[in-house]
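Residue-level structural notes
Given next are the chains, with one letter for each unit.
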Amino acid sequence: MKKIYTLAITSIVAFSLAGCMGGSDSLTPVAATKMDQKEVCNVDKLGIDTVLANAKMYNAAAIKEEVEFRRLDINNRDLIIAVEEGLKSGAKEVSPLNFKGKANKTKFKIEYAAHRACTFGLNALQQKHEGKSAWRLAVPGDGFKY
Amino acid sequence: MLLKIVKTSALVALAACTLSANSFNAQAEKDKVELIKYFEAKFADPEKYAANFFPYSTEDELKNNIKKGIKHMEFGIGNYAFNKAGIETYEEINEMPPYEDAIDAGAELYEKKFANGNSLSVCFPDPTIGGDYPMFDESTKSVVSLTQAVNDCITSNGEKKWNEKKGDMASFQAFIANSTKEAEKKVNIKIESAEAATAYERGKEFYYTQRGYLNLSCATCHVQGAGKRVRNESLSQLLGHTTHFPVYRLKWQGLGTLERRMEGCVKDQGQNPPKPSSTTMKELLYFMAYMSNGMAVDGPDIRK
């Protein structure tokens, strides 16, 4: 009962936030900077379904911004798919396909995979926003002094 | 009197147009000059200025493995410009270059007839154009890479497009690069409109922006990090990066295009990289190539 209650409240909060931002399609890097990944990607607190929903929302925006993360040859979208399929089959571990669509030896606990997919999606957006002002600091003759 | 006014007005208008056309590349020229200044300062005396440029390198490394006093054009050969140990291996491999067959294969592809009787030589009557790409197409207001131009030629003649990263594409580009090198031509990237300048700026922003789960930019390794060591490899410098492609990489055991290499770099930063013929990739290459303007085209080449 408590789980259902938590899920209902977090879903309302998540949908409200998405609503404020004009829906998942328009989640922007600047809006992402206001989110705390320790909160929105916390599987213990929110449950894996909510974290997965958040991961999908953030990563869709990251793809739109062309900043999707890839680690160990796995695109974040494939990590999300693996978690979705794992939840359907009841698997405790997931093994996402690599970016070529081939099977991968890498395995993750499903909760960890959901957490990582969520933080990767959110980090990519936050990084995009920070990069907009920080990149000039690396340019010789502009912000970079030596 | 009236004639005099007309003549003066025409001269003023012409001067204004010329000034305006020249000014589109003003920022890019400034960037290039500053980059050259930075690398020349960095490699003027690595041992002496270790605190500024090489804080984590050992004295032995700086003294014995990094060449000093390197000037602009010398940066054209990548990290072999300063890497004393690397240059020996590089020269040994280049005694029997593994890319020679690819140049011959590229020459054959250049003349090979399509089903309609045309060939790549019709699209590219002058094969010494390696230093002119990527170029900004003022009619479509977009950057065109050599890879894209080749595939456009092939598909417009009813053929199936080539893989953009290796195989025939790399072989053909090896032939183009080699022809350009033999003609002693230099990198000659032009910015002649406001749109071209904007495309250049977007490429520059991509290059200097941190990305991926490792939060690295291209510049982290190849501007600020150039000359530093990652495991046993010395990081090469942005200046001269595009002059020698396509390259035969020992890691690939084959020849690859600049797009293939850049995809690998972005992947190493921890991001899903842009596609070879995407606007993002082409604008990135446009910026990088401009930084090498004036340097000799010396591809194909070998790299680890």
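Procedures and definitions
Residues numbered from 1 in each chain as written. Chains lettered and ligands numbered in written order. Predicted model: local features only at pLDDT ≥ 70, side-chain atom pairs only at ≥ 80, totals over all residues. Helix = DSSP H or I, 4+ residues; strand = E, 2+ residues; numbered from the N terminus. Expected span 1.5 Å × (residues − 1). Buried ≥ 20, exposed ≤ 12 C-beta atoms within 10 Å, placed from the backbone. Contact = placed C-beta atoms within 7 Å. Nonpolar A, V, L, I, M, F, W, Y, C, P; charged D, E, K, R; others polar. Pairing = 2+ DSSP bridges. Axes fitted to C-alpha atoms, helices over the stretch in contact; angles between N-to-C directions. Parallel < 35°, antiparallel > 145°, perpendicular 65-115°, else oblique. Left-handed = near helix turned anticlockwise from the far one by under 90°.

Digging into helix α12 (residues 258–269) of chain B
All names here are of chain B. Under the 1.5 Å per step criterion, the end-to-end length of α12 is 17 Å for twelve residues, consistent within 8% with the ideal 16 Å. The complete set of buried residues in α12 reads Leu258, Glu259, Arg260, Met262, Glu263, Val266 and Gln269. Looking at the residues trailing α12, positive phi occurs at Gly270, about 100°.

Re the interface of chain A and chain B
Tallying the contact residues gives 17 residues for chain A and 24 residues for chain B. Sorting the residues of the side of chain A that touches chain B by element identifies β1 (70–71) and α7 (110–134) of chain A as the ones contributing at least two each. Ranked by residues supplied to the side of chain A that touches chain B, first place goes to α7 of chain A with four residues. Looking at the side of chain A that touches chain B residue by residue, the classes come out as nine nonpolar, four polar and four charged.

With respect to the sheet that holds strand β5 (residues 247–249) of chain B
Residue and element names in this part refer to chain B. Strand order in the open sheet formed by three strands is β6-β5-β7, with mixed pairing between adjacent strands. Since the sheet does not close on itself, it has two edges, and those belong to β6 (254–256) and β7 (301–303), each with one partner. Each adjacent strand pair in this sheet contributes to an overall mean axis angle of 40°, direction not counted. When β5 meets β6, the two strands line up antiparallel, connected through three bridges. Along β6, the bridge assignment pairs Tyr248 with Leu255.

A short note on the packing of helix α8 (residues 146–156) of chain B against helix α9 (residues 168–182) of chain B
Residue and element names in this part refer to chain B. Here α8 crosses α9 at 110°, and the two axes come no closer than 11 Å. If you check the angle between α8 and α9, you find them roughly perpendicular. With respect to the hand of their crossing, α8 and α9 are arranged in right-handed fashion. Counted together, Leu146, Thr147 and Val150 of α8 and Met169, Phe172, Gln173 and Ile176 of α9 form the full contact between these two elements. In terms of residue class, the contact of α8 with α9 is built from five nonpolar, two polar and no charged.

Function cannot be inferred from these measures alone, as they are strictly geometric.
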